[in-house]
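Residues per chain, in single letters:
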Amino acid sequence: MADIWIMRIGHRPERDKRVTTHVALSSRALGAKGIYVDTEDPKLEENIHSVVERFGGDYTIKTGVTWKQATKDFKGKIVHLTMYGQRVDEALPKIPRDEDIMIIVGAEKVPFEVYERADFNVSVGNQPHSEIAALAIFLDRFTEGKALYADRDGMMTVVPNERGKTVVNKNSE
Ligand code: SAM
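Residues numbered from 1 in each chain as written. Predicted model: local features only at pLDDT ≥ 70, side-chain atom pairs only at ≥ 80, totals over all residues. Heavy atoms only, no water.

Each helix and strand counted, the protein has six helices and eight strands in total. Along the protein, helices and strands appear, N-terminal first, in the series β-α-β-α-β-α-β-α-β-α-β-α-β-β. What you see for the protein is a C-alpha radius of gyration of 16 Å, in line with the 16 Å of a compact globule of 173 residues. With respect to the principal axes defined by its C-alpha atoms, the protein has extents near 55 × 35 × 30 Å. In the protein, which comprises 173 residues, the proportion classed as buried is 41%. (Helix = DSSP H or I, 4+ residues; strand = E, 2+ residues; numbered from the N terminus. Rg over C-alpha atoms; globule rule 2.2 N^0.38 Å. Buried < 20%, exposed > 50% of the residue type's maximum accessible area, 1.4 Å probe, protein only.)

Put into structure tokens, the structure is as follows:
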């Protein structure tokens, strides 16, 4: 599968720190390669680096990158998640699997230029909800669930357990 990138727009470091952190962590867990965030936020970068260091994979984060910069030289298709877009079930078969995709999610009102720049404006239901939920559902459907239990060869690995917590820590082996 080609690479999946996330572009988070409208990030306000104080107000959105939790939501944007969860946008990054959810997209990492569901198969994305990395995230661009429009407002510079070193603390957010630090938090995501710390998770990647412990749990593995090569997920990257770059803050202070506008959507115009991120999409300018991007070679693949741009998918904008919006409650006003076409139905996810109708959009999915049209999105090529052999090209990278960049998924744009907003915070507050998204400029109309984003709707025009996107190759696909996609809704996950037509009700207003959350960028985290929209992204998670879209990614799970796009990757057909394959990213969920993919091995990330981390320093810490969680072993599925019916009860209790099993964590393998390579540092203490
Ligand atoms: N009112 C804003 C607007 O008109 O653009 C939406 C704000 S919403 C809290 C934040 C983000 O969640 C949106 O920019 C969009 O990316 C995502 N989102 C919310 N509901 C969605 C839905 N039903 N389908 C797809 N994305 C959705």
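Counted according to the given criterion, the structure contains twelve salt bridges. The salt bridge partner of Glu108 is Arg12, with a shortest N-O separation of 3.1 Å. Of the two residues, Glu108 sits in the loop between strand 5 (101-105) and helix 5 (112-117) while Arg12 sits in the loop between strand 1 (4-8) and helix 1 (13-29), which places them 96 residues apart along the sequence. Note that Glu46 and Lys43 form a salt bridge whose closest N and O atoms lie 3.6 Å from each other. Remark: Lys43 and Glu46 occur in helix 2 (residues 42-55); sequence separation between them is three residues, near one turn of the helix. (Salt bridge = Lys/Arg side-chain N within 4 Å of Asp/Glu carboxyl O.)

Our next topic: the site of the ligand. In the vicinity of the ligand there are 19 residues, among which Leu81, Val124, Gly125, Gln127 and His129 approach most closely. Gly106 is positioned such that a nitrogen or oxygen atom in its backbone is 3.1 Å from an oxygen atom of the ligand. Sorting the residues of the shell around the ligand by element identifies strand 4 (77-87), strand 6 (120-123) and helix 6 (131-142) as the ones contributing at least two each. With four residues, strand 4 is the single largest residue contributor to the shell around the ligand. Here the residues of the shell around the ligand sort into nine nonpolar, seven polar and three charged. (Near = heavy atom within 4 Å. Polar contact = N/O pair within 3.5 Å; in protein donor to acceptor, adjacent residues only side chain to side chain. Nonpolar A, V, L, I, M, F, W, Y, C, P; charged D, E, K, R; others polar.)

Here we come to the nonpolar core. Counting residues in each nonpolar core, the largest one holds 30 residues, and the members touching the most others are Ile6, Val79, Leu81, Ile103 and Phe138. With five residues, helix 6 is the largest single contributor of residues to this core. Counting residues in hydrophobic clusters, the runner-up holds 14 residues, among them Trp5, Val65, Ala70 and Ile78. (Core = buried A, V, L, I, M, F, W, Y, C linked by side-chain atoms within 4.5 Å.)

What follows covers helix 2. Taking 1.5 Å per residue as the helical rise, helix 2 with its 14 residues ought to reach 20 Å, and the 20 Å between its terminal C-alpha atoms agrees with that figure. Restricting attention to buried positions, one finds in helix 2 the residues Leu44, Ile48, Val51 and Val52. Within helix 2, the buried residues cover an arc of 100° as seen down the axis, which keeps them to one side. In helix 2, the exposed positions that point more than 90 degrees away from the buried face belong to Pro42, Lys43 and Glu53. Count one or two residues on from helix 2 and you reach Gly56, which has phi positive near 90°. (Expected span 1.5 Å × (residues − 1). Arc of directions from axis to C-beta.)

Attention now goes to the side chain of Asp41. With respect to the helices and strands, Asp41 occurs in the loop between strand 2 (34-37) and helix 2. Buried within the structure, Asp41 lacks any salt-bridge partner; Lys17 is the closest side chain of opposite charge, at an N-O distance of 8.4 Å. (Lys, Arg positive; Asp, Glu negative; His and termini not counted.)

A word on the sheet that holds strand 6. One open sheet holds the six strands; their spatial order is 3-2-1-5-4-6, and the pairing between them is parallel. Since the sheet does not close on itself, it has two edges, and those belong to strand 3 (60-63) and strand 6, each with one partner. On average, each strand axis in the sheet is inclined to that of its neighbour by 25°, with strand direction left out of account. The pairing of strand 2 with strand 3 spans four bridges and is parallel. Bridge pairing links Gly34 to Thr60 in strand 3. Sitting on the sheet, helix 1 touches strand 1, strand 2 and strand 5, and the angle it makes with strand 1 is about 170°. (Pairing = 2+ DSSP bridges. Axes fitted to C-alpha atoms, helices over the stretch in contact; angles between N-to-C directions. Contact = heavy atoms within 4.5 Å.)

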